[in-house]
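# Structure assessment
Take a look at the letters that make up each chain.
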Amino acid sequence: MTHFLNKVAVVTGAGSGIGRALALDLAHQGARLALSDVDSAGLAETVRQCEVLGAEVKADHLDVAERSSVLAYSDEVRAYFGVVNLVFNNAGIAFSGDIEVSEFKDVERVMDVDFWGVVNGTKAFLPHLIASGDGHIINTSSLFGLLAMPSQSAYCAAKFAVRGFTESLRQEMLMSKHPVRVTSVHPGGIKTAIARNSTAAAGQDAKVLAEFFDKKMARTTPESAAHTILRGVRAGRPRVLVGVDARVLDALVRVTGSGYQRLIAAVAARVLPTGQ
Ligand SMILES: NC(=O)c1ccc[n+]([C@@H]2O[C@H](COP(=O)([O-])OP(=O)(O)OC[C@H]3O[C@@H](n4cnc5c(N)ncnc54)[C@H](O)[C@@H]3O)[C@@H](O)[C@H]2O)c1
């Protein structure tokens, strides 16, 4: 278990859920941590728990959608630790709403955080990861980056985009022989605050949707998700699926091709709450 010992790992969205669990698992394995979030209280709690484990932590308030801040931050992290080995572009938000009733600004906000946040973090840190001679970039997509889901068009657009972006980047690193591994992460339903923090289109009750997610969809703990992700990172896997639901639904898409769309629409019409 020495893979992460003394490695410098950056985790965005470290104040809650999967980001916090990744930070704690990395701390446990002896990594040095650059943790950030827009939620200062959540971040402070993660830092406290990591320090109890003896980790060296640099903590910063950072909005991944603010490009200039992310660019400045990457240089600060490099200057502070002298090297950057791993970057987990994990921060993300959710939004529910059919396109018919969603506003452009709702879609843009999800793209700003979930897609551009990943692009900002990747571009900002890539030179430092190449310079490290031992870099790894881990971008969090989703199960919804592998299959589409009604009422999730904005989120699916961002997460499919993260997958495409990340897989292209991996090919570029292989072709250029840069010492940077690249992994795209696809969690299924994880028991975090994501649905409770989610917004919804006008007329939809975000609370009802969050309760449905918490009770029926979130099956995997964040600790187990972090464990699976870090095992995949250690093994240098290009794609990490997290949870049985992610593995089963990934297989469904492979088997049915575009046929899964009718199937999911039929099931969703019976099962998903209208949220109204
Ligand atoms: N929970 C799931 O079921 C699930 C499934 C698939 C993918 N994911 C992805 O996993 C990642 C982590 O989500 P989570 O489930 O731990 O959710 P979470 O809400 O528990 O944690 C997300 C963290 O990101 C932070 N954040 C939000 N916007 C930010 C911004 N602009 N800049 C910096 N930080 C910001 C939040 O403050 C929060 O601390 C996200 O990218 C999410 O889309 C989650």
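All values reported here derive from a predicted model rather than from experimental measurement.

### Some points on the overall build of the protein
Regarding its fold elements, the protein presents 9 helices and 9 strands. Over its C-alpha trace the protein gives a radius of gyration of 18 Å, about what one expects of a compact globule, namely 19 Å for 276 residues. The principal-axis extents of the C-alpha atoms in the protein amount to approximately 55 × 40 × 35 Å. Counting only residues that meet the buried cut, the protein has 51% of its 276 residues in that class. Accessible surface computed for the protein: about 12,800 Å², of which carbon and sulfur atoms make up 56%. Between the averaged position of the 29 positive side-chain charges in the protein and that of its 27 negative side-chain charges there is a distance of 9 Å.

### What about the site of the ligand?
Lining the immediate environment of the ligand, one finds 31 residues, of which Ser16, Asp37, Tyr155, Ile190 and Thr192 sit closest. Here an oxygen atom of the ligand sits 3.0 Å away from a polar atom, N or O, in the side chain of Lys159. Calculation on the ligand without its partners gives an accessible area of 830 Å², and the protein chains cover 95% of this total. Elements with a contribution of two residues or more to the shell around the ligand: helix 1 (17-28), helix 4 (104-132) and helix 5 (153-176).

### Here we look at helix 7 (residues 222-234)
Look at helix 7: 18 Å from first C-alpha to last across 13 residues, which is about the 18 Å you get at 1.5 Å a residue. Looking at the buried residues of helix 7, the elements they touch are helix 1, strand 4 (86-89), strand 6 (135-140), strand 7 (180-187) and strand 9 (239-242). Positive backbone phi, at 70°, marks Gly236, one or two positions downstream of helix 7.

### Focus on the packing of aromatic side chains
Under the defined criterion, the tally for this structure stands at 5 aromatic pairs. Where Tyr80 meets Phe81, the ring centres are 4.7 Å apart and the plane angle is 70°; that geometry is what we call edge-to-face. The class of Tyr80 is partly exposed, set by a relative accessible area of 45%. For Phe81, a relative accessible area of 7% translates into the label buried. Aromatic side chains Phe115 and Trp116 sit 5.2 Å apart centroid to centroid with 65° between the ring planes, which places their arrangement in the edge-to-face category. Here Trp116 falls in the partly exposed class, since its relative accessible area comes to 37%. Every member of this aromatic cluster is reached through a ring pair, and the members are Phe115, Trp116 and Phe165. Stacked on the ring of Tyr80, the Lys or Arg Lys58 has its end atom at 5.5 Å from the ring centre. Residue placement shows Arg163 over the ring face of Phe160; its charged tip is 5.5 Å from the ring centre.

### A word on the environment of Ala148
Mapped onto the elements of the fold, Ala148 is located in the loop between strand 6 and helix 5. For Ala148, a relative accessible area of 32% translates into the label partly exposed. In this structure, the C-alpha to C-alpha distance between Ala148 and Gln261, residues 113 residues apart in sequence, is 7.5 Å. Discounting residues that sit within four places of it in the chain, Ala148 has contacts with Cys156, Phe160, Tyr260 and Ile264.

### Observations regarding the sheet that holds strand 3 (residues 57-61)
What the 7 strands build is an open sheet, ordered 3-2-1-4-6-7-9; its pairing is parallel. Of all strands in the sheet, those with a lone pairing partner are strand 3 and strand 9, marking the two edges. On average, each strand axis in the sheet is inclined to that of its neighbour by 15°, with strand direction left out of account. Pairing analysis gives 5 bridges linking strand 2 (residues 32-37) to strand 3, with the strands arranged parallel. Pairing of Leu33 across the sheet is with Val57, part of strand 3. The sheet contacts of helix 5 involve strand 6, strand 7 and strand 9, and relative to strand 7 the element is tilted by about 160°. Here helix 7 sits on the sheet in contact with strand 4, strand 6, strand 7 and strand 9, set at roughly 160° to strand 9.

### Observations regarding the packing of helix 3 (residues 67-81) against helix 4
One can describe the packing of helix 3 onto helix 4 by two numbers: an axis separation of 9 Å at closest approach and a directional angle of 35°. Once helix 3 is placed against helix 4, the crossing between them reads as right-handed. In contact with Arg67, Val70, Leu71, Tyr73, Ser74, Asp75, Val77 and Arg78 of helix 3, helix 4 contributes Trp116, Asn120, Gly121, Ala124, Phe125 and His128. Class assignment for the residues of the contact of helix 3 with helix 4 results in 7 nonpolar, 4 polar and 3 charged.

What counts, and at which threshold
Every residue gets a number counted from 1 within its own chain, in the order that chain's sequence is written. Totals for whole chains, interfaces and linings use all residues, but because this is a predicted model, local features are given only for residues with pLDDT of at least 70 and pairs of side-chain atoms are given and counted only at 80 or more. Excluding hydrogens and water, the side-chain figures rest on all heavy atoms present in the structure. Helix and strand definitions follow DSSP, with helices as H or I runs of at least four residues and strands as E runs of at least two, each counted in order from the N terminus. Here the globule rule reads 2.2 Å times residues to the power 0.38, and the radius of gyration is calculated from C-alpha atoms. Relative accessibility decides the category of a residue: with a 1.4 Å probe and only protein chains considered, values under 20% of the type maximum give buried, values over 50% give exposed, and everything between is partly exposed. Shrake-Rupley sampling with a 1.4 Å probe provides the accessible areas, and residues are treated as covered by the protein chains on show and by no other component. Charge counting treats Lys and Arg as positive and Asp and Glu as negative, with His and both chain ends excluded. Think of each charge as sitting on NZ of Lys, CZ of Arg, CG of Asp or CD of Glu. Each residue is tested against the molecule or strand, and it is near if at least one of its non-hydrogen atoms lies within 4 Å. A 3.5 Å cut-off defines polar contacts: any pair of N or O atoms within that distance qualifies, except that in protein one atom must be a possible hydrogen donor and the other a possible acceptor, and neighbouring residues in sequence count only when both atoms are side-chain atoms. Given the number of residues in a helix, its expected span is that number minus one, multiplied by 1.5 Å. A contact between two residues is defined here by any heavy atoms of the two lying within 4.5 Å. Here is the rule: rings of Phe, Tyr and Trp (six-membered ring for Trp) pair when centre to centre is within 6.5 Å. Planes less than 30 degrees apart are stacked, more than 60 are edge-to-face, and the remainder are tilted. Lysine and arginine charges are scored as sitting over a ring when NZ or CZ, respectively, is within 6 Å of the ring centre and within 35 degrees of the ring normal. In this scheme, strands are said to pair when DSSP sees at least two bridges between them. Angles run from 0 to 180 degrees between N-to-C directions of axes, and those axes are lines fitted to C-alpha atoms, restricted for helices to the stretch in contact. The hand of a helix crossing depends on one turn: near helix anticlockwise from the far one by less than a right angle means left-handed, and clockwise means right-handed. Amino acids outside the nonpolar list (Ala, Val, Leu, Ile, Met, Phe, Trp, Tyr, Cys, Pro) and the charged list (Asp, Glu, Lys, Arg) are all regarded as polar, and Gly is one of them.

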